[in-house]
Each structure stands twice: as structure tokens, then as C-alpha cells.
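Working through the structure, step by step
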Amino acid sequence: MSEAAVITIKLRLEPLPNIAAGQLQFGIQRGKTVVSVQDIHPDVVRLTVELEATAVPKPDHTFDWKGPFVHGRPGERFLYLNWGREQANGWHNVRRAKIPLRLIPTELVETAVAQNKILHGTLTGLARDGGPIAASVKTVQWQAQPKD
């Protein structure tokens, strides 16, 4: 891959913490704003979020990532998944998970671009303490999958 390419990234979180209806919401951070906000209820078994990011090839055969959902410095880019509540004065964060993009295998990025597929990441939404996942998440299972 010699040119930058826009790739759809779809994240699925399952299982989820047992959260009473109305206690928390889930969303993805775009710049300083949390978007794609979803309410969480006890009967919700999975959360999904979809976004686009640009993979920029580097000379060392890895990628830098760019786009409104991408945070961090070159070589340390990531996505933020947020747990909290929308309030009148904006989003109130309770927990935030960081999804490092450098951990997506290079060959999967190349496959997604060459075959017009999406990058699908599956991860648990459940932290060790039983609450929502937080901190840097290194256990995402990545696949290149056909677009729906």
C-alpha cells in the first residue's frame, strides 16, 4: 500500500458490565466531544460503534492514523471509548478506554484496503472489577471483514 486510504473501523464490545438502566451511556470520542452515544440497559448484551480513519503508510511498513476520531502523537495513535452521561453542560466521563491503533496487524490493514473490507475489532466491555472497561486495551481481536 503506497497511498493513504480511508478505512472503516467497527468495534464490538461484548460482554458488558451489568449496568442499571439510566446509570451510564457509551460513546466514542471525536475531538473533545463524545458522539454516537448509546444508552445502556441491563438487557443490552453488546455495543457497537463504527467510524472512519485514514491509514497512512510509513517507510517502515507500518501505518500512522489520522482522522477526527484519532488521538495521540504519531506512533502512539488511539481511539477513545467513553462511559459516562450526557448532561446539560456536556459529557461527564466516568471511565474511558484507549484502543491503540498500532496494535492492528499491518497485513490486516493492507487486506482491508486491497479488498475493500472493514477492520472489525472485538473486545470485552467488562473490566476486572466488573465495571466498564477502561485504560489502554491491548486485547482487541482484529479481523478484516466484508462490508455489510
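For the structure, check the block above.
A tally of helices and strands in the chain yields 1 helix and 10 strands. Secondary structure elements in the chain, listed N-terminal to C-terminal, are β-β-β-β-β-β-β-α-β-β-β. By the compact-globule yardstick of 15 Å for 148 residues, the chain fits well, its C-alpha radius of gyration being 16 Å. Dimensions of the chain along its principal axes, counting C-alpha atoms only, are 45 × 30 × 25 Å. Counting across all 148 residues of the chain, residues that qualify as buried make up 41%. A separation threshold of at least 6 residues defines the contact pool for the chain, and within that pool the share at least 24 residues apart is 63%. Carbon and sulfur atoms make up 46% of the accessible area of the chain, which amounts to about 8,000 Å² in all.

Moving on to the sheet that holds strand β3 (residues 33–39). The sheet built from 5 strands is open, its strands ordered β3-β2-β6-β7-β9 with mixed pairing. Two strands lie at the open edges of the sheet, namely β3 and β9 (135–136), each paired on one side alone. Where strand β7 (residues 90–100) meets β9, 2 bridges bridge the pair, whose relative direction is parallel. Its bridge partner being in β9, Ala 97 is matched across the sheet by Ala 135.

Definitions and limits used
- Residues numbered from 1 in each chain as written.
- Predicted model: local features only at pLDDT ≥ 70, side-chain atom pairs only at ≥ 80, totals over all residues.
- Heavy atoms only, no water.
- Helix = DSSP H or I, 4+ residues; strand = E, 2+ residues; numbered from the N terminus.
- Rg over C-alpha atoms; globule rule 2.2 N^0.38 Å.
- Buried < 20%, exposed > 50% of the residue type's maximum accessible area, 1.4 Å probe, protein only.
- Contact = heavy atoms within 4.5 Å.
- Areas by Shrake-Rupley, 256 points an atom, 1.4 Å probe, with all protein chains shown as cover.
- Pairing = 2+ DSSP bridges.

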